[in-house]
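In case you want the letters, here they are:
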Amino acid sequence: PSRETSLTCRDLQESADLRDVHCVAGSRAYYLCEDTCGKCNDRCEDSSDGTFFVNRKWMEQDCKWLRQRPAWQQKICHEDHPAYRICGETCNSCEDNIQLDVPTSSPTAVEPYCDDAKDDELF
């Protein structure tokens, strides 16, 4: 298969050049990788001031550090690690970390979170 038909959303996450080429309205990547391509506007964000302990070498880090390190995302983006809660966008954990704002007298609809296809889905 050609390189074009063997890309995943993670490939796009890791390369601005690939995003520029493939994240265009109407493309298969635009619909499969909706979060990476910026197709929808959800309220999932990383904390701008939260930090978490990585290890003795890296000590305390923030979501920006984690966002730039996919290998570390695989190691620490799990429910038992504080980064999972602090870096919801990077760890793709927003649906698991939904926190209600100030209660209102009537419920309001919550926008569904934007998400990418799983890594085994190719385009």
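Scroll up a little and you will see the structure.
Figured I'd write up the structure that's included with this text.

Definitions and limits used
- Residues numbered from 1 in each chain as written.
- Predicted model: local features only at pLDDT ≥ 70, side-chain atom pairs only at ≥ 80, totals over all residues.
- Heavy atoms only, no water.
- Disulfide = S-S within 2.5 Å.
- Helix = DSSP H or I, 4+ residues; strand = E, 2+ residues; numbered from the N terminus.
- Buried < 20%, exposed > 50% of the residue type's maximum accessible area, 1.4 Å probe, protein only.
- Salt bridge = Lys/Arg side-chain N within 4 Å of Asp/Glu carboxyl O.
- Phe/Tyr/Trp six-rings, centres within 6.5 Å; stacked < 30°, edge-to-face > 60°.
- Lys NZ or Arg CZ within 6 Å of the ring centre and 35° of its normal.

Details of the state of the cysteines
- All chains considered together, the criterion is met by 4 disulfides.
- Across the disulfide, Cys 9 is cross-linked to Cys 33 (sulfur-sulfur distance 2.1 Å). Judged by the sign of its S-S torsion, about -90°, the cystine formed by Cys 9 and Cys 33 is left-handed. Of this pair, Cys 9 sits in helix 1 (residues 9-13) while Cys 33 sits in the loop between helix 3 (28-32) and strand 1 (51-53); the two residues are 24 residues apart in sequence, bridging distant segments of the chain. An identical accessibility class is assigned to Cys 9 and Cys 33; each is buried.
- Here Cys 77 engages in a disulfide with Cys 91; their sulfurs sit 2.0 Å apart. Where Cys 77 bonds to Cys 91 through sulfur, the torsion about that S-S bond is close to -60°, and the disulfide is left-handed. Here Cys 77, found in the loop between helix 5 (70-76) and helix 6 (82-86), pairs with Cys 91, found in the segment after helix 6; they are 14 residues apart in sequence, far enough to count as distant.

Thoughts on the pattern of salt bridges
- Under the criterion given, the structure shown has 1 salt bridge.
- Between Arg 67 and Asp 46 there is a salt bridge, with the nearest N and O atoms lying 2.6 Å from each other. Linking Arg 67 in helix 4 (residues 63-67) with Asp 46 in the loop between helix 3 and strand 1, this pair joins segments that are 21 residues apart in sequence.
- Judged by relative accessible area, which is 45%, Arg 67 ranks as partly exposed.

Brief notes about the packing of aromatic side chains
- Using the criterion set out here, one finds 3 aromatic pairs in the structure.
- Centre to centre, the rings of Trp 65 and Trp 72 are 5.8 Å apart; their planes meet at 50°, and the pair counts as tilted. Trp 72 carries the same exposure label as Trp 65, and that label is buried.
- These aromatic residues form a ring-pair network of at least three members: Trp 58, Trp 65 and Trp 72.
- Here Lys 75 stacks its cationic end above the ring of Trp 72, 4.5 Å away from the centre of that ring.

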